[in-house]
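Observations on the model geometry
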Amino acid sequence: MPSSVRVKTLRIDDLDVAGDEQQTIFDVAIEHDIPIPTLCHLDGLGAVGACRMCLVEVTNANQTRLQPACATPIEEGMQIVTNSPRLQEYRRMILELLFAEGNHVCAVCVSNGHCELQGLAQSVGMTHVRFPYHYPQRSVDASHRRFVVDHNRCVLCTRCVRVCDEIEGAHTWDLMGASSQTQVVTDLNQPWAEAETCTGCGKCIHVCPTGALFEKGHSVAEMHKRRQFLPYLRAMREREL
Amino acid sequence: MKAARIAPPSDDKRWRVVDATMRRHGYHAHALIETLHATQESFGFLDEDALRYIAATLGVALSHAYGVATFYRRFTLKPRGARHTCVVCTGTACHLKGAPALLDALHRRIDNDPTNPPVSIMAARCLASCGLAPAVVFDGKVVGNLTPDLTIERIEKWLSDES
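All figures in this text were calculated on a predicted structure; none of them were measured in a lab.

Some remarks on the overall build of chain A
Helix and strand counts for chain A come out as 6 helices and 10 strands. For chain A, the C-alpha radius of gyration of 19 Å lies close to 18 Å, the compact-globule estimate for 241 residues. Based on the C-alpha atoms only, the size of chain A along its principal axes is roughly 50 × 50 × 30 Å. When each of the 241 residues of chain A is scored for burial, the buried share is 36%.

Pasting the structure below:
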(Lines give C-alpha, C1' and ligand atoms only; values in the text may rest on other atoms or scores of the structure.)
Protein backbone atom coordinates (compact mmCIF):
# COMPACT_ATOMS: atom_id res chain seq x y z
CA MET A 1 0.00 0.00 0.00
CA PRO A 2 1.60 3.27 -1.03
CA SER A 3 1.93 5.65 1.91
CA SER A 4 0.77 8.61 -0.21
CA VAL A 5 -2.89 7.59 0.10
CA ARG A 6 -4.46 9.88 2.65
CA VAL A 7 -7.41 8.54 4.57
CA LYS A 8 -10.24 10.86 5.57
CA THR A 9 -12.89 10.09 8.11
CA LEU A 10 -16.44 11.32 7.88
CA ARG A 11 -19.96 10.50 8.96
CA ILE A 12 -22.69 9.39 6.58
CA ASP A 13 -26.17 8.93 8.07
CA ASP A 14 -24.92 8.22 11.62
CA LEU A 15 -22.32 5.80 10.35
CA ASP A 16 -18.64 6.58 10.86
CA VAL A 17 -16.78 5.80 7.66
CA ALA A 18 -13.35 6.35 6.17
CA GLY A 19 -12.22 6.75 2.61
CA ASP A 20 -9.30 7.62 0.39
CA GLU A 21 -9.08 11.38 -0.19
CA GLN A 22 -9.64 10.97 -3.92
CA GLN A 23 -12.99 9.28 -3.44
CA THR A 24 -16.27 11.09 -3.74
CA ILE A 25 -19.07 11.01 -1.21
CA PHE A 26 -20.92 8.69 -3.58
CA ASP A 27 -18.01 6.21 -3.83
CA VAL A 28 -17.72 5.96 -0.05
CA ALA A 29 -21.48 5.65 0.43
CA ILE A 30 -21.68 2.79 -2.08
CA GLU A 31 -18.83 0.96 -0.37
CA HIS A 32 -20.89 1.03 2.83
CA ASP A 33 -24.15 0.02 1.16
CA ILE A 34 -25.72 3.42 1.67
CA PRO A 35 -27.99 4.00 -1.33
CA ILE A 36 -27.96 7.37 -3.09
CA PRO A 37 -30.13 7.76 -6.18
CA THR A 38 -28.30 8.78 -9.37
CA LEU A 39 -29.19 9.43 -12.97
CA CYS A 40 -26.29 11.03 -14.86
CA HIS A 41 -23.63 9.23 -12.83
CA LEU A 42 -22.38 5.91 -14.09
CA ASP A 43 -19.53 3.89 -12.62
CA GLY A 44 -16.62 4.06 -15.06
CA LEU A 45 -17.49 7.45 -16.55
CA GLY A 46 -16.35 10.89 -15.43
CA ALA A 47 -18.71 12.76 -13.10
CA VAL A 48 -20.56 15.86 -14.30
CA GLY A 49 -23.06 16.37 -11.49
CA ALA A 50 -25.67 17.40 -14.05
CA CYS A 51 -28.86 15.74 -12.88
CA ARG A 52 -28.69 16.68 -9.17
CA MET A 53 -30.48 13.46 -8.17
CA CYS A 54 -27.61 12.55 -5.85
CA LEU A 55 -27.80 15.79 -3.85
CA VAL A 56 -26.95 15.21 -0.20
CA GLU A 57 -26.85 17.54 2.81
CA VAL A 58 -23.22 18.13 3.70
CA THR A 59 -22.34 19.80 7.00
CA ASN A 60 -18.75 20.91 7.28
CA ALA A 61 -17.42 23.58 9.65
CA ASN A 62 -20.97 24.34 10.87
CA GLN A 63 -22.24 25.08 7.38
CA THR A 64 -24.83 22.88 5.70
CA ARG A 65 -24.86 22.79 1.92
CA LEU A 66 -26.54 20.70 -0.73
CA GLN A 67 -23.91 19.05 -2.88
CA PRO A 68 -23.93 16.37 -5.57
CA ALA A 69 -22.49 13.22 -3.99
CA CYS A 70 -21.07 11.99 -7.31
CA ALA A 71 -18.90 15.06 -7.86
CA THR A 72 -17.92 16.08 -4.32
CA PRO A 73 -14.64 14.73 -2.92
CA ILE A 74 -14.75 13.66 0.71
CA GLU A 75 -13.29 15.90 3.38
CA GLU A 76 -12.23 15.27 6.94
CA GLY A 77 -15.08 15.66 9.41
CA MET A 78 -17.93 15.93 6.91
CA GLN A 79 -21.38 15.14 8.27
CA ILE A 80 -23.58 13.83 5.49
CA VAL A 81 -27.31 13.19 5.35
CA THR A 82 -28.31 11.17 2.30
CA ASN A 83 -32.02 11.04 2.89
CA SER A 84 -34.20 13.69 4.50
CA PRO A 85 -37.70 15.01 3.76
CA ARG A 86 -36.07 18.00 2.09
CA LEU A 87 -33.88 15.84 -0.16
CA GLN A 88 -36.81 13.57 -1.01
CA GLU A 89 -38.85 16.60 -2.00
CA TYR A 90 -36.05 17.96 -4.20
CA ARG A 91 -35.43 14.63 -5.87
CA ARG A 92 -39.10 14.20 -6.64
CA MET A 93 -39.24 17.72 -8.03
CA ILE A 94 -36.22 17.13 -10.27
CA LEU A 95 -37.87 14.03 -11.70
CA GLU A 96 -41.16 15.81 -12.24
CA LEU A 97 -39.34 18.57 -14.10
CA LEU A 98 -37.59 15.99 -16.28
CA PHE A 99 -40.92 14.37 -17.12
CA ALA A 100 -42.53 17.76 -17.81
CA GLU A 101 -39.77 18.97 -20.12
CA GLY A 102 -39.55 15.90 -22.39
CA ASN A 103 -42.07 13.58 -23.98
CA HIS A 104 -41.82 10.48 -21.81
CA VAL A 105 -44.53 8.00 -22.70
CA CYS A 106 -43.62 4.77 -20.93
CA ALA A 107 -46.42 2.74 -22.48
CA VAL A 108 -44.87 2.88 -25.96
CA CYS A 109 -41.19 3.00 -24.97
CA VAL A 110 -38.60 0.34 -25.79
CA SER A 111 -37.15 0.74 -22.30
CA ASN A 112 -40.44 0.38 -20.40
CA GLY A 113 -39.79 -1.73 -17.32
CA HIS A 114 -36.02 -1.24 -17.32
CA CYS A 115 -35.74 2.52 -17.64
CA GLU A 116 -33.74 4.38 -15.01
CA LEU A 117 -35.97 7.45 -15.16
CA GLN A 118 -39.03 5.30 -14.65
CA GLY A 119 -37.31 3.35 -11.88
CA LEU A 120 -36.29 6.52 -10.06
CA ALA A 121 -39.81 7.91 -10.31
CA GLN A 122 -41.15 4.75 -8.74
CA SER A 123 -38.52 4.64 -6.02
CA VAL A 124 -39.10 8.23 -4.87
CA GLY A 125 -42.84 7.72 -4.92
CA MET A 126 -43.64 10.15 -7.72
CA THR A 127 -47.36 9.76 -8.38
CA HIS A 128 -48.00 12.73 -10.62
CA VAL A 129 -46.32 15.75 -12.20
CA ARG A 130 -47.36 19.04 -10.65
CA PHE A 131 -45.81 21.17 -13.42
CA PRO A 132 -47.41 21.84 -16.80
CA TYR A 133 -46.02 19.53 -19.49
CA HIS A 134 -44.04 21.30 -22.19
CA TYR A 135 -44.71 18.82 -25.01
CA PRO A 136 -41.64 20.05 -26.94
CA GLN A 137 -41.36 19.39 -30.66
CA ARG A 138 -38.45 16.98 -30.86
CA SER A 139 -37.23 14.68 -33.60
CA VAL A 140 -36.26 11.04 -33.99
CA ASP A 141 -33.19 10.07 -36.03
CA ALA A 142 -33.36 6.51 -37.30
CA SER A 143 -30.90 7.04 -40.15
CA HIS A 144 -28.25 4.78 -38.61
CA ARG A 145 -28.24 1.19 -39.80
CA ARG A 146 -28.48 -0.26 -36.30
CA PHE A 147 -29.32 2.50 -33.86
CA VAL A 148 -31.98 5.12 -33.21
CA VAL A 149 -31.90 8.34 -31.19
CA ASP A 150 -35.27 9.56 -29.97
CA HIS A 151 -34.76 13.05 -28.57
CA ASN A 152 -38.23 12.96 -26.98
CA ARG A 153 -36.92 10.54 -24.37
CA CYS A 154 -33.55 12.22 -23.75
CA VAL A 155 -32.87 13.64 -20.27
CA LEU A 156 -29.51 15.19 -21.29
CA CYS A 157 -27.53 13.19 -18.75
CA THR A 158 -24.58 13.22 -21.22
CA ARG A 159 -23.66 9.61 -20.52
CA CYS A 160 -23.51 8.99 -24.29
CA VAL A 161 -21.29 12.05 -24.74
CA ARG A 162 -18.89 10.87 -22.01
CA VAL A 163 -18.71 7.22 -23.01
CA CYS A 164 -18.07 8.18 -26.64
CA ASP A 165 -15.35 10.61 -25.60
CA GLU A 166 -13.73 8.87 -22.62
CA ILE A 167 -14.10 5.19 -23.50
CA GLU A 168 -14.51 4.90 -27.26
CA GLY A 169 -12.45 8.00 -28.00
CA ALA A 170 -14.58 9.02 -30.97
CA HIS A 171 -16.39 12.03 -29.47
CA THR A 172 -19.20 11.75 -31.96
CA TRP A 173 -21.76 12.99 -29.46
CA ASP A 174 -21.95 16.37 -27.83
CA LEU A 175 -24.54 18.85 -26.64
CA MET A 176 -25.75 21.70 -28.83
CA GLY A 177 -27.67 24.84 -27.98
CA ALA A 178 -28.57 26.17 -24.56
CA SER A 179 -31.42 25.94 -22.05
CA SER A 180 -34.61 24.36 -23.42
CA GLN A 181 -33.12 24.09 -26.91
CA THR A 182 -30.31 21.80 -25.77
CA GLN A 183 -30.06 18.41 -27.40
CA VAL A 184 -27.45 15.77 -28.13
CA VAL A 185 -25.97 15.88 -31.63
CA THR A 186 -23.77 13.63 -33.72
CA ASP A 187 -20.92 15.55 -35.38
CA LEU A 188 -22.27 18.72 -37.03
CA ASN A 189 -25.87 17.89 -36.14
CA GLN A 190 -25.95 15.55 -39.11
CA PRO A 191 -28.11 12.46 -39.49
CA TRP A 192 -26.39 9.78 -37.43
CA ALA A 193 -25.74 7.65 -40.49
CA GLU A 194 -23.68 10.49 -42.00
CA ALA A 195 -21.60 11.18 -38.89
CA GLU A 196 -18.17 10.10 -40.06
CA THR A 197 -16.58 9.91 -36.61
CA CYS A 198 -19.08 7.31 -35.34
CA THR A 199 -17.52 3.88 -35.12
CA GLY A 200 -20.87 2.16 -34.61
CA CYS A 201 -19.63 0.59 -31.36
CA GLY A 202 -23.00 0.97 -29.62
CA LYS A 203 -21.62 1.97 -26.21
CA CYS A 204 -23.85 5.04 -26.14
CA ILE A 205 -26.89 2.80 -26.61
CA HIS A 206 -26.05 0.76 -23.56
CA VAL A 207 -25.21 3.60 -21.18
CA CYS A 208 -28.36 5.59 -22.01
CA PRO A 209 -30.62 5.52 -18.92
CA THR A 210 -33.84 5.84 -20.92
CA GLY A 211 -35.14 4.71 -24.30
CA ALA A 212 -33.60 7.74 -26.03
CA LEU A 213 -30.87 5.56 -27.56
CA PHE A 214 -31.81 2.05 -28.61
CA GLU A 215 -31.04 -0.70 -31.04
CA LYS A 216 -33.33 -1.33 -33.97
CA GLY A 217 -35.36 -4.50 -33.84
CA HIS A 218 -36.61 -3.96 -30.30
CA SER A 219 -40.26 -3.38 -29.57
CA VAL A 220 -41.94 -1.93 -26.49
CA ALA A 221 -40.16 -2.93 -23.25
CA GLU A 222 -37.66 -5.11 -25.14
CA MET A 223 -34.54 -2.95 -24.91
CA HIS A 224 -32.25 -4.23 -22.19
CA LYS A 225 -29.05 -2.29 -21.61
CA ARG A 226 -25.79 -4.13 -21.04
CA ARG A 227 -23.11 -2.21 -19.18
CA GLN A 228 -20.67 -4.87 -18.07
CA PHE A 229 -17.95 -3.35 -20.22
CA LEU A 230 -17.73 -0.17 -18.12
CA PRO A 231 -16.59 -1.55 -14.73
CA TYR A 232 -14.37 -3.96 -16.67
CA LEU A 233 -12.62 -1.19 -18.57
CA ARG A 234 -12.28 0.86 -15.40
CA ALA A 235 -10.70 -2.03 -13.52
CA MET A 236 -8.27 -2.65 -16.39
CA ARG A 237 -7.25 1.00 -16.46
CA GLU A 238 -6.72 1.11 -12.72
CA ARG A 239 -4.56 -1.98 -12.93
CA GLU A 240 -2.39 -0.33 -15.56
CA LEU A 241 -1.89 2.69 -13.34
CA MET B 1 -0.80 18.96 -29.15
CA LYS B 2 -0.26 20.46 -32.56
CA ALA B 3 -2.63 19.08 -35.16
CA ALA B 4 -1.36 18.49 -38.68
CA ARG B 5 -1.95 21.68 -40.68
CA ILE B 6 -4.59 21.46 -43.32
CA ALA B 7 -5.44 23.94 -46.03
CA PRO B 8 -8.30 26.42 -45.53
CA PRO B 9 -11.57 25.53 -47.27
CA SER B 10 -11.05 28.21 -49.96
CA ASP B 11 -8.47 30.79 -51.02
CA ASP B 12 -10.59 33.54 -49.51
CA LYS B 13 -8.20 36.03 -47.89
CA ARG B 14 -10.35 36.20 -44.78
CA TRP B 15 -9.03 32.79 -43.72
CA ARG B 16 -5.75 34.53 -42.93
CA VAL B 17 -7.41 36.24 -39.98
CA VAL B 18 -8.71 32.89 -38.78
CA ASP B 19 -5.34 31.22 -39.27
CA ALA B 20 -3.54 34.03 -37.45
CA THR B 21 -5.87 33.63 -34.46
CA MET B 22 -5.19 29.91 -34.27
CA ARG B 23 -1.46 30.40 -34.67
CA ARG B 24 -1.40 33.03 -31.94
CA HIS B 25 -2.85 30.45 -29.56
CA GLY B 26 -0.43 27.74 -30.64
CA TYR B 27 -3.26 25.69 -32.24
CA HIS B 28 -4.47 24.73 -28.78
CA ALA B 29 -7.95 23.31 -28.40
CA HIS B 30 -8.75 26.08 -25.93
CA ALA B 31 -8.47 28.62 -28.75
CA LEU B 32 -11.80 27.36 -30.11
CA ILE B 33 -13.99 30.21 -28.90
CA GLU B 34 -11.46 32.85 -29.89
CA THR B 35 -11.20 31.31 -33.36
CA LEU B 36 -14.96 31.11 -33.76
CA HIS B 37 -15.15 34.80 -32.85
CA ALA B 38 -12.53 35.66 -35.49
CA THR B 39 -14.41 33.63 -38.08
CA GLN B 40 -17.77 35.08 -37.16
CA GLU B 41 -16.36 38.59 -37.40
CA SER B 42 -14.66 37.96 -40.74
CA PHE B 43 -17.43 36.05 -42.46
CA GLY B 44 -20.51 37.16 -40.54
CA PHE B 45 -21.47 33.58 -39.76
CA LEU B 46 -20.01 30.10 -39.27
CA ASP B 47 -20.74 27.60 -42.02
CA GLU B 48 -20.07 23.89 -42.05
CA ASP B 49 -16.78 24.27 -43.94
CA ALA B 50 -15.53 26.75 -41.36
CA LEU B 51 -16.46 24.50 -38.43
CA ARG B 52 -14.83 21.49 -40.06
CA TYR B 53 -11.68 23.42 -40.81
CA ILE B 54 -11.38 24.92 -37.32
CA ALA B 55 -12.17 21.62 -35.57
CA ALA B 56 -9.60 19.73 -37.64
CA THR B 57 -6.90 22.36 -37.18
CA LEU B 58 -7.38 22.70 -33.42
CA GLY B 59 -7.88 18.98 -32.95
CA VAL B 60 -11.31 19.22 -31.33
CA ALA B 61 -14.27 16.99 -32.10
CA LEU B 62 -16.75 18.20 -34.71
CA SER B 63 -19.64 17.82 -32.30
CA HIS B 64 -17.75 19.84 -29.70
CA ALA B 65 -17.15 22.71 -32.13
CA TYR B 66 -20.79 22.56 -33.17
CA GLY B 67 -21.88 22.53 -29.54
CA VAL B 68 -19.87 25.64 -28.71
CA ALA B 69 -21.01 27.43 -31.87
CA THR B 70 -24.66 26.81 -31.01
CA PHE B 71 -24.37 27.41 -27.26
CA TYR B 72 -23.41 31.07 -27.54
CA ARG B 73 -25.96 33.41 -29.06
CA ARG B 74 -23.23 35.56 -30.59
CA PHE B 75 -22.41 32.87 -33.10
CA THR B 76 -24.70 32.24 -36.02
CA LEU B 77 -24.56 29.33 -38.45
CA LYS B 78 -26.49 31.15 -41.15
CA PRO B 79 -25.88 34.54 -42.74
CA ARG B 80 -27.93 37.20 -41.04
CA GLY B 81 -30.77 38.42 -43.21
CA ALA B 82 -31.17 41.82 -41.65
CA ARG B 83 -28.78 44.66 -42.37
CA HIS B 84 -28.97 46.00 -38.84
CA THR B 85 -28.90 44.18 -35.57
CA CYS B 86 -30.18 45.37 -32.27
CA VAL B 87 -29.25 43.25 -29.26
CA VAL B 88 -31.10 44.09 -26.07
CA CYS B 89 -29.39 43.00 -22.87
CA THR B 90 -31.78 41.10 -20.62
CA GLY B 91 -29.33 40.48 -17.79
CA THR B 92 -30.43 41.13 -14.22
CA ALA B 93 -29.32 44.76 -14.02
CA CYS B 94 -30.82 45.67 -17.41
CA HIS B 95 -33.97 43.76 -16.61
CA LEU B 96 -34.49 45.77 -13.46
CA LYS B 97 -33.74 49.01 -15.28
CA GLY B 98 -36.41 48.34 -17.89
CA ALA B 99 -35.02 46.08 -20.64
CA PRO B 100 -38.43 44.40 -21.11
CA ALA B 101 -39.92 47.79 -21.98
CA LEU B 102 -37.16 48.36 -24.59
CA LEU B 103 -37.80 44.97 -26.17
CA ASP B 104 -41.50 45.62 -26.13
CA ALA B 105 -41.12 48.97 -27.85
CA LEU B 106 -38.75 47.53 -30.47
CA HIS B 107 -41.02 44.62 -31.28
CA ARG B 108 -44.04 46.92 -31.52
CA ARG B 109 -42.16 49.18 -33.90
CA ILE B 110 -40.57 46.48 -36.10
CA ASP B 111 -42.87 43.47 -36.04
CA ASN B 112 -46.02 45.26 -37.13
CA ASP B 113 -44.31 47.37 -39.79
CA PRO B 114 -45.69 46.28 -43.17
CA THR B 115 -42.50 47.45 -44.93
CA ASN B 116 -40.58 44.70 -43.13
CA PRO B 117 -37.70 46.83 -41.88
CA PRO B 118 -34.17 45.36 -42.17
CA VAL B 119 -33.57 45.21 -38.44
CA SER B 120 -33.27 42.05 -36.41
CA ILE B 121 -34.02 42.28 -32.71
CA MET B 122 -32.21 39.92 -30.41
CA ALA B 123 -31.87 39.46 -26.67
CA ALA B 124 -28.61 38.69 -24.90
CA ARG B 125 -28.11 37.37 -21.38
CA CYS B 126 -25.59 39.86 -20.07
CA LEU B 127 -23.27 42.19 -21.95
CA ALA B 128 -21.12 42.75 -18.87
CA SER B 129 -21.98 46.45 -19.11
CA CYS B 130 -24.23 46.47 -16.10
CA GLY B 131 -23.16 50.01 -15.21
CA LEU B 132 -24.87 51.20 -18.40
CA ALA B 133 -28.16 49.41 -17.72
CA PRO B 134 -30.37 49.17 -19.60
CA ALA B 135 -27.98 48.60 -22.51
CA VAL B 136 -28.55 47.78 -26.18
CA VAL B 137 -25.99 46.91 -28.85
CA PHE B 138 -26.79 48.72 -32.09
CA ASP B 139 -24.77 47.11 -34.91
CA GLY B 140 -21.97 46.14 -32.54
CA LYS B 141 -21.95 49.45 -30.61
CA VAL B 142 -23.01 49.36 -26.98
CA VAL B 143 -25.30 52.18 -25.91
CA GLY B 144 -26.43 52.50 -22.32
CA ASN B 145 -28.96 54.29 -20.11
CA LEU B 146 -31.70 53.88 -22.68
CA THR B 147 -35.40 54.52 -22.54
CA PRO B 148 -37.93 53.07 -25.01
CA ASP B 149 -38.14 56.45 -26.77
CA LEU B 150 -34.36 56.81 -27.13
CA THR B 151 -34.13 53.25 -28.46
CA ILE B 152 -36.80 53.82 -31.10
CA GLU B 153 -35.11 57.10 -32.06
CA ARG B 154 -31.94 55.17 -32.96
CA ILE B 155 -33.89 52.67 -35.00
CA GLU B 156 -35.74 55.40 -36.85
CA LYS B 157 -32.40 56.87 -37.89
CA TRP B 158 -31.49 53.56 -39.55
CA LEU B 159 -34.86 53.28 -41.19
CA SER B 160 -34.75 56.80 -42.62
CA ASP B 161 -31.23 56.13 -43.99
CA GLU B 162 -32.60 53.09 -45.77
CA SER B 163 -35.43 54.84 -47.54
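What follows continues from the structure just given.
Re the domain arrangement of chain A
Residues and elements named next belong to chain A. Its domain assignment divides chain A into domain 1 (7-83) and domain 2 (89-240). Here the C-alpha centre of domain 2 lies 25 Å away from the C-alpha centre of domain 1. With 14 residues of domain 1 at the contact, the number on the domain 2 side is 19 residues. Tallied by class, the residues present in the side of domain 1 that touches domain 2 amount to 10 nonpolar, 2 polar and 2 charged.

Looking at the interface of chain A and chain B
Interfaces are frequently sized by the accessible area removed from exposure as the parts join. Listed as interface residues are 14 residues of chain A and, on the opposing side, 10 residues of chain B. Broken down by secondary-structure element, the contributors of at least two residues to the side of chain A that touches chain B are β8 (173-176) and β9 (183-186) of chain A. For the side of chain A that touches chain B, the leading source of residues is β8 of chain A, giving 4 residues. Classifying every residue of the side of chain A that touches chain B gives 6 nonpolar, 6 polar and 2 charged.

Some details on the environment of Thr 64 of chain A
Residues and elements named next belong to chain A. If you trace the backbone, Thr 64 turns up in strand β4 (residues 63-68). For Thr 64 and Met 78, which are 14 residues apart along the polypeptide, the C-alpha to C-alpha distance reads 9.9 Å. Those residues in contact with Thr 64 that sit more than four places away from it in its chain are Glu 57, Val 58 and Thr 59.

Comments concerning unusual backbone geometry
The linkage connecting Ala 133 of chain B with the following residue, Pro 134 of chain B, adopts the cis geometry, with an omega of -5 degrees. Relative to the assigned elements, Pro 134 of chain B resides in the loop between β2 (119-124) and β3 (136-138). Despite not being glycine, Ala 221 of chain A has its phi angle at roughly 70 degrees, a positive value. Here the phi dihedral of Asn 145 of chain B falls at roughly 50 degrees; this positive angle occurs in a residue that is not glycine.

Some points on the domain arrangement of chain B
The assigned domain composition of chain B is domain 1 (15-71) and domain 2 (84-162). A C-alpha centroid distance of 29 Å is found between domain 1 of chain B and domain 2 of chain B.

A few points about the confidence of the model for chain B
Residue and element names in this part refer to chain B. On average, residues of chain B score 88 in pLDDT, and 94% of them are at 70 or above. Taken element by element, the predicted model of chain B shows its lowest mean pLDDT in β2 (81) and its highest in helix α4 (residues 62-71) (96). If you check the scores for this complex, the pTM reads 0.79 and the ipTM reads 0.89.

Some points on the sheet that holds strand β10 (residues 213-215) of chain A
Within a sheet, adjacent strands bond to each other through the backbone by hydrogen bonds, running parallel or antiparallel. Residue and element names in this part refer to chain A. Read from one edge of the open sheet, 3 strands run β6-β7-β10, paired in antiparallel fashion. The two strands at the open ends of the sheet, each matched to only one other strand, are β6 (140-141) and β10. When β6 meets strand β7 (residues 147-150), the two strands line up antiparallel, connected through 2 bridges. Bridge pairing links Asp 141 to Val 149 in β7.

Focus: the nonpolar core
Counting 77 residues, the largest nonpolar core has Val 56, Cys 160 and Cys 204 of chain A together with Ala 65 of chain B as the members making the most contacts within it. Among the elements that make up this core, the one with the highest residue count is helix α3 (residues 48-58) of chain B (6 residues). Once residues lying within four places of it in the same chain are set aside, the contact partners of Cys 160 of chain A are Trp 173, Val 184, Cys 204, Val 207, Cys 208 and Leu 213 of chain A. Listed in part, the 17 residues of the second largest apolar core include Val 87, Ala 105, Leu 106 and Val 119 of chain B.

Observations regarding the packing of helix α2 (residues 32-43) of chain B against α4 of chain B
Residue and element names in this part refer to chain B. It is at 11 Å that the axes of α2 and α4 come closest, and there the two elements cross at 60 degrees. Between α2 and α4 lies a crossing whose hand is right-handed. Two secondary-structure elements touch here, α2 through Leu 32, Ile 33 and Leu 36 and α4 through Ala 65, Val 68 and Ala 69. Of the residues belonging to the contact of α2 with α4, the class tally is 6 nonpolar, no polar and no charged.

Some thoughts on the environment of Gly 44 of chain B
Topologically, Gly 44 of chain B is positioned in the loop between α2 and α3. Along the chain, Gly 44 of chain B and Pro 148 of chain B lie 104 residues apart, while their C-alpha atoms are 28 Å from each other.

Scoring rules and cut-offs
- Residues numbered from 1 in each chain as written.
- Chains lettered and ligands numbered in written order.
- Predicted model: local features only at pLDDT ≥ 70, side-chain atom pairs only at ≥ 80, totals over all residues.
- Helix = DSSP H or I, 4+ residues; strand = E, 2+ residues; numbered from the N terminus.
- Rg over C-alpha atoms; globule rule 2.2 N^0.38 Å.
- Buried ≥ 20, exposed ≤ 12 C-beta atoms within 10 Å, placed from the backbone.
- Domains from an automatic or database assignment.
- Contact = placed C-beta atoms within 7 Å.
- Nonpolar A, V, L, I, M, F, W, Y, C, P; charged D, E, K, R; others polar.
- pLDDT = per-residue confidence, 0-100.
- Pairing = 2+ DSSP bridges.
- Core = buried A, V, L, I, M, F, W, Y, C linked by C-beta atoms within 7 Å.
- Axes fitted to C-alpha atoms, helices over the stretch in contact; angles between N-to-C directions.
- Left-handed = near helix turned anticlockwise from the far one by under 90°.

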